Amino acid sequence: MQSLATKTRISRALVLLSYFGLLLLFSLWYLWLVPAQGDHPWVIWLVHLVPLLAFAPVIIKGSPRGHAWLCFVLLLYFLEAVIAALIPPPTRWLGLADCALLITLFTSAMLYTRWRSQLDRALASGNTA
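Let me sum up the structure you'll find in this document. Remember, it's a predicted structure, so these values are computed and weren't measured experimentally.

## Some thoughts on the overall build of the protein
Within the protein one finds 5 helices and 0 strands. Oriented by its inertia axes, the alpha-carbon framework of the protein measures out at about 60 × 25 × 20 Å. In the protein, buried positions account for 37% of the 129 residues. The contacts in the protein between residues at least 6 apart in sequence include a share of 69% that link residues at least 24 apart. For the protein, the exposed surface amounts to about 7,700 Å²; the carbon and sulfur share of it is 73%. Where the 9 positive side-chain charges of the protein centre and where its 4 negative ones centre are 20 Å apart.

## Some details on the packing of helix α4 (residues 64-86) against helix α5 (residues 91-125)
α5 packs onto α4 with a crossing angle of 160° between their chain directions and a minimal axis gap of 8 Å. Relative to α5, α4 is oriented roughly antiparallel. As for how α4 packs across α5, the hand of that crossing is left-handed. Considered class by class, the residues forming the contact of α4 with α5 number 22 nonpolar, 5 polar and 3 charged.

## So, the nonpolar core
Of all hydrophobic cores here, the largest spans 25 residues; its most connected members are Phe 26 and Leu 52. Put simply, the parts of the chain that give this core at least two residues each are α1 (4-33), α2 (41-53), α3 (56-61), α4 and α5. In this structure, Phe 26 is in contact with Leu 31, Trp 45, His 48, Leu 49, Leu 52, Tyr 77 and Asp 98, ignoring residues within four places of it in sequence.

## Re α2
Relative to the 18 Å expected for 13 residues at 1.5 Å per residue, α2 spans 18 Å between its end C-alpha atoms, a close match to the ideal helical length. Of all bends in α2, the biggest is about 25°, found at Val 47, and the proline Pro 51 comes one to four residues later. Where α2 is buried, its residues meet α1, α3 and α4.

## What about a nonpolar patch on the surface?
A surface patch of nonpolar side chains, amounting to about 950 Å² of accessible area, comprises Leu 24, Leu 28, Leu 31, Trp 32, Leu 33, Trp 42, Val 43, Leu 46, Val 47 and Val 50. If you trace the backbone, Leu 31 turns up in helix α1.

## Some remarks on the state of the cysteines
Under the criterion given, the structure shown has 0 disulfides. Here Cys 99 is not cross-linked by a disulfide; its sulfur's nearest cysteine counterpart is in Cys 71, at 16 Å.

## As for the packing of aromatic side chains
For the structure shown, the criterion picks out 5 aromatic pairs. Pairing Phe 26 with Tyr 30 gives two aromatic rings, centres 5.9 Å apart and planes at 40°, and the pair type is tilted. With a gap of 4 residues between them, Phe 26 and Tyr 30 both fall in helix α1, about one helical turn apart. According to the relative accessible area criterion, Tyr 30 is buried, its value standing at 8%. Joined through ring pairs, the aromatic side chains of Phe 26, Trp 29, Tyr 30 and Tyr 77 make up one cluster.

## Some remarks on the pattern of salt bridges
Under the defined criterion, the tally for this structure stands at 1 salt bridge. Between Asp 120 and Arg 116 there is a salt bridge, and its shortest N-O distance comes to 3.2 Å. Taken together, the positions of Asp 120 and Arg 116, both in helix α5 and 4 residues apart, correspond to about one turn of that helix. Using a relative accessible area of 26% as the deciding quantity, one classes Arg 116 as partly exposed.

Reading the values: the criteria
- Residues numbered from 1 in each chain as written.
- Predicted model: local features only at pLDDT ≥ 70, side-chain atom pairs only at ≥ 80, totals over all residues.
- Heavy atoms only, no water.
- Helix = DSSP H or I, 4+ residues; strand = E, 2+ residues; numbered from the N terminus.
- Buried < 20%, exposed > 50% of the residue type's maximum accessible area, 1.4 Å probe, protein only.
- Contact = heavy atoms within 4.5 Å.
- Areas by Shrake-Rupley, 256 points an atom, 1.4 Å probe, with all protein chains shown as cover.
- Lys, Arg positive; Asp, Glu negative; His and termini not counted.
- Charge placed at Lys NZ, Arg CZ, Asp CG, Glu CD.
- Axes fitted to C-alpha atoms, helices over the stretch in contact; angles between N-to-C directions.
- Parallel < 35°, antiparallel > 145°, perpendicular 65-115°, else oblique.
- Left-handed = near helix turned anticlockwise from the far one by under 90°.
- Nonpolar A, V, L, I, M, F, W, Y, C, P; charged D, E, K, R; others polar.
- Core = buried A, V, L, I, M, F, W, Y, C linked by side-chain atoms within 4.5 Å.
- Expected span 1.5 Å × (residues − 1).
- Bend = angle between axes of the 7 residues up to and from the residue.
- Patch = residues over 30% accessible without salt bridge, like charges linked within 9 Å, V, L, I, M, F, W, Y side chains within 5 Å.
- Salt bridge = Lys/Arg side-chain N within 4 Å of Asp/Glu carboxyl O.
- Disulfide = S-S within 2.5 Å.
- Phe/Tyr/Trp six-rings, centres within 6.5 Å; stacked < 30°, edge-to-face > 60°.

Pasting the structure below:
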């Protein structure tokens, strides 16, 4: 059985990987691969990126509470990703990639929140995990 410290470290690495992967996917999707119709595709890109970027400080800092709040916001992104996955190509593949990253980010952020809180409690009580 893995220790809490190891589980926390692995989940944190998955959070960082999927978080920055999601930012990269949105940048590629909305600015290069399938830009929004109209004169200003960067506006759609910003609408998708700004809420996620607001969580960058807590993600980088490793705040468990911030990770939990990120999960609530990810649910809105997941709705859009599922809809995008139902639309014909090329959006379908981008939507599926978006779903995969969102599921990974959501799950790893929730596990990080749980395990980090347990680890903090164990360290505060003097137990080593």
